[in-house]
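Observations on the model geometry
Read off the chains here:
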Amino acid sequence: MSLDFKQTELRQVCDIVVPDIFYRRMVTGIKTIDNDLLNEGFLPGSTMTVTAQAGCGKTTFMVQLLDGLAKNGYKVGYCSGEENVYQLTFTCKRIRCNTLSIANVSDVDELAKLTEKLDYLVIDSFQALTTKTKMNHMAKERYAVHTLVKAAQKNECCIAFVMHLTKGGKLKGSTVVPHTVDANLNIAPNPDVDDEARSIWFSKNRFGPTNCVDLYMTARGFDMTAKVIVNNDKKFAGKGNKKDQIKTDIIKSDKKISVNDLVETYNISEVYANTALRELTKEGKVLKIGRGSDARWLTKEIVEKRAQVALN
C-alpha cells in the first residue's frame, strides 16, 4: 500500500476511514521494545534512521530487533556495506541472534528489489550505499532515499537506515534522509547513570510516540529485561566523578558492602560495582570478606579496629 500524499478536499475526520495497515503493526516479541519504545509496533512500509556515535550499539540493537521479528515469523534482512558477513556473523553469534539473514549488499536498486520479499530490512549504512549510475554525492543521496522509501511503501517493507555521526556529533551528509523518513531513532551513552547505560529514543515518529528507554549494554548485547531507573539524587557529572564518588562513599561506610548493595544504590551494573571494589582492594582501602555471592567488603580501618577490640 502506498502512503504517498494525494490531493484531497477538506473532509471531517469522522468521515475518514483509516486504512487497515495502520492497525496491522509488526511487533518484535521483546516487551521493552514493543511496549516501552514503540508502544504499538512498526507500521508496514515505514522507514526510519538509526543514529549514534561509533561504539554505542547501533548494529547490536538492530540485530536484536531483527532477531525478535524473525522469531515472530517476519522475513528480515540485514544488508551491510560496512562489515563483511563474517564479521556480522561473529557479532550475531556473540549476542545469540541466529535467526536473521545477512548479506553484503550496498547497491540501491538491488536493495529496493529485496523489499519485495522482506518485511523488515536494515541498511548499514546509508553513507555506504552505491549506484551503478555515476552521479555526484547530493544526487546519489536523493536518489537513494527516494528510491528506497518508495520501494518500502509499495512493498510494505520497513527499512531502517543506519547513519553515522561526525566526531562533533553532527550527522554526516545533508538532512535529506532524516527529513524524508518517518522516524528518527537515536542511541547515546548515559554516563550520568552508568558506563554501560544507553539512552534510546525517537526524536521524530510520524506513526507512534517519541518514547525513550534506557538499557544496559553488555557483552551479550542490550539487556532487554533490566531497564535503567534514573535516580536524580544519584546523578553524576561524568564517568570519573561517578566512580570517585562511589569509592568515597564506600570508604566512609562503616558497614559491610556487597556488589548488590552498590547495584541497587547507584543503579550501576555488577561489572561496574566489581570494578570499583577491586580498585579499592588494590589500593589497600578495603578488605574482601567471603567468596562468591557471599562476598562482602569492609574498609581496612574498620577491620583493624574490630580486630583490636577482639584482642582486648
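As the structure is a prediction and not an experimental result, all values here were calculated from the model. (Residues numbered from 1 in each chain as written. Predicted model: local features only at pLDDT ≥ 70, side-chain atom pairs only at ≥ 80, totals over all residues. Heavy atoms only, no water.)

**Brief notes about the overall build of the protein chain**
Applied cut-off: Labels follow the DSSP assignment, with helices taken as runs of H or I lasting at least four residues and strands as runs of E lasting at least two, numbered in each case from the N terminus. Burial status follows relative accessibility: with a 1.4 Å probe on protein chains alone, a residue under 20% of its type maximum counts as buried, one over 50% as exposed, and anything between as partly exposed. In this analysis, two residues are considered to be in contact whenever any of their non-hydrogen atoms come within 4.5 Å of each other. Note that accessible areas follow from Shrake-Rupley with a 1.4 Å probe, and for residues the cover is restricted to the protein chains shown.
Scanning the protein chain for helices and strands turns up 10 helices and 11 strands. Considering the protein chain as a whole, with its 312 residues, one finds that 46% of them fall into the buried category. Considering only contacts within the protein chain whose residues lie at least 6 apart along the sequence, 63% involve residues at least 24 apart. Entry remark: accessible area of the protein chain is about 17200 Å², with carbon and sulfur atoms responsible for 51%.

**Describing the nonpolar core**
As a rule of thumb, nonpolar side chains are buried together in soluble globular proteins. What counts, and what does not: Grouping buried Ala, Val, Leu, Ile, Met, Phe, Trp, Tyr and Cys residues that are joined through side-chain atoms within 4.5 Å yields what is termed a nonpolar core.
Core analysis: the biggest nonpolar cluster contains 39 residues, and Met 48, Phe 61, Met 62, Leu 66, Tyr 78, Tyr 120 and Ile 200 have the highest contact counts within it. Looking at which element gives the most residues to this core, the answer is helix α2 (residues 58-71), with 7 residues. Once residues lying within four places of it in the same chain are set aside, the contact partners of Tyr 78 are Thr 59, Met 62, Val 63, Leu 66, Leu 88, Leu 100, Ser 101, Ile 102, Ala 103, Val 122, Asp 124 and Val 162. Formed by 24 residues, the second largest nonpolar core is a distinct cluster that contains Val 105, Leu 111, Leu 148 and Val 176.

**Some thoughts on the environment of Arg 25**
Keep this limit in mind: Nitrogen and oxygen atoms within 3.5 Å of one another constitute a polar contact, given that in protein one can donate a hydrogen and the other can accept it, and given that sequence-neighbouring residues count only through two side-chain atoms.
Counting through the fold element by element, Arg 25 comes out in the segment before α1 (31-38). Linking Arg 25 and Phe 42, residues 17 residues apart in sequence, is a C-alpha distance of 5.2 Å. In contact with Arg 25, not counting residues within four places along its chain, are Glu 40, Gly 41, Phe 42, Leu 43, Pro 44, Tyr 74 and Phe 207. Within the local environment of Arg 25, its side chain forms a polar contact with the backbone oxygen of Phe 22, the two atoms lying 2.7 Å apart. A polar contact of 3.3 Å, which involves the side chain of Arg 25, links it to the backbone oxygen of Gly 41.

**Concerning the pattern of salt bridges**
Counted only if it meets this: Salt bridges are defined by distance alone: a side-chain nitrogen of Lys or Arg within 4 Å of a carboxyl oxygen of Asp or Glu.
Applying the stated criterion across every chain, the model contains 10 salt bridges. Glu 40 is paired through a salt bridge with Arg 25; the nearest N and O atoms lie 3.7 Å apart. With Glu 40 in the loop between α1 and β1 (47-52) and Arg 25 in the segment before α1, the pair connects residues that are 15 residues apart, well separated along the chain. The buried category is assigned to Arg 25, whose relative accessible area is 16%. Salt-bridge contacts for Asp 107 lead to Lys 132; the nearest nitrogen and oxygen are separated by 3.3 Å. You can see Asp 107 sitting in the loop between β3 (101-103) and α4 (108-114) and its partner Lys 132 sitting in the loop between β4 (120-124) and α5 (137-155), a full 25 residues away along the chain. For Lys 132, a relative accessible area of 64% puts it in the exposed group. It is possible to trace a salt-bridge network through shared partners that takes in Lys 247, Glu 279, Glu 283 and Lys 285.

**Some details on α5**
Threshold: How far a helix is expected to stretch is found by multiplying one less than its residue total by 1.5 Å.
Helix length check: α5, at 19 residues, gives a terminal C-alpha distance of 27 Å against a target of 27 Å (1.5 Å per residue), a fit within 8%. Turning to α5, its buried residues are Glu 141, Ala 144, Val 145, Leu 148, Val 149, Ala 151, Ala 152 and Gln 153. Against β1, α4, β4, β5 (158-164) and α6 (176-180) lie the buried residues of α5. Among the residues of α5, the N-terminal cap falls to Asn 136, whose side-chain oxygen and the backbone nitrogen of Met 138 are separated by 3.3 Å. At the exit of α5 stands Glu 156, carrying a positive phi of roughly 55°.

**Some remarks on the confidence of the model for the protein chain**
So the rule is basically this: Scored from 0 to 100, pLDDT reflects the predictor's confidence in each residue.
For the protein chain, the average pLDDT comes to 87, and 89% of its residues sit at 70 or higher. Taken as a whole, residues 231-240 scores under 50 in pLDDT and shows 15 contacts with residues more than four places along the chain or in a different chain.

**Structural notes on the pairing of strand β6 (residues 183-189)**
Selection rule: Any two strands are treated as partners once DSSP identifies two or more bridges connecting them.
Most of β6 sits out of view: 6 of its 7 residues are buried. Two strands pair when backbone bridges link them, and β6 and strand β7 (residues 197-205) are joined in this way by 7 bridges, in the antiparallel orientation. Among the inter-strand pairings, Pro 189 is bridged to a residue of β7, identified as Arg 198.

**Examining helix α3 (residues 85-94)**
Selection rule: The directions considered for the arc are those from the helix axis to the C-beta atoms.
When we look at burial in α3, the residues that qualify are Leu 88, Thr 91 and Cys 92. The buried residues of α3 occupy one face: seen down the axis, they fall within an arc of 100°. Among the exposed residues of α3, those pointing more than 90 degrees away from its buried face are Tyr 86, Phe 90 and Lys 93. Its buried side turned inward, α3 meets α2, β2 (76-80) and β3. Measuring from the backbone nitrogen of Tyr 86 back to the side-chain oxygen at the start of α3 gives 3.0 Å, which picks out Asn 84 as the cap.

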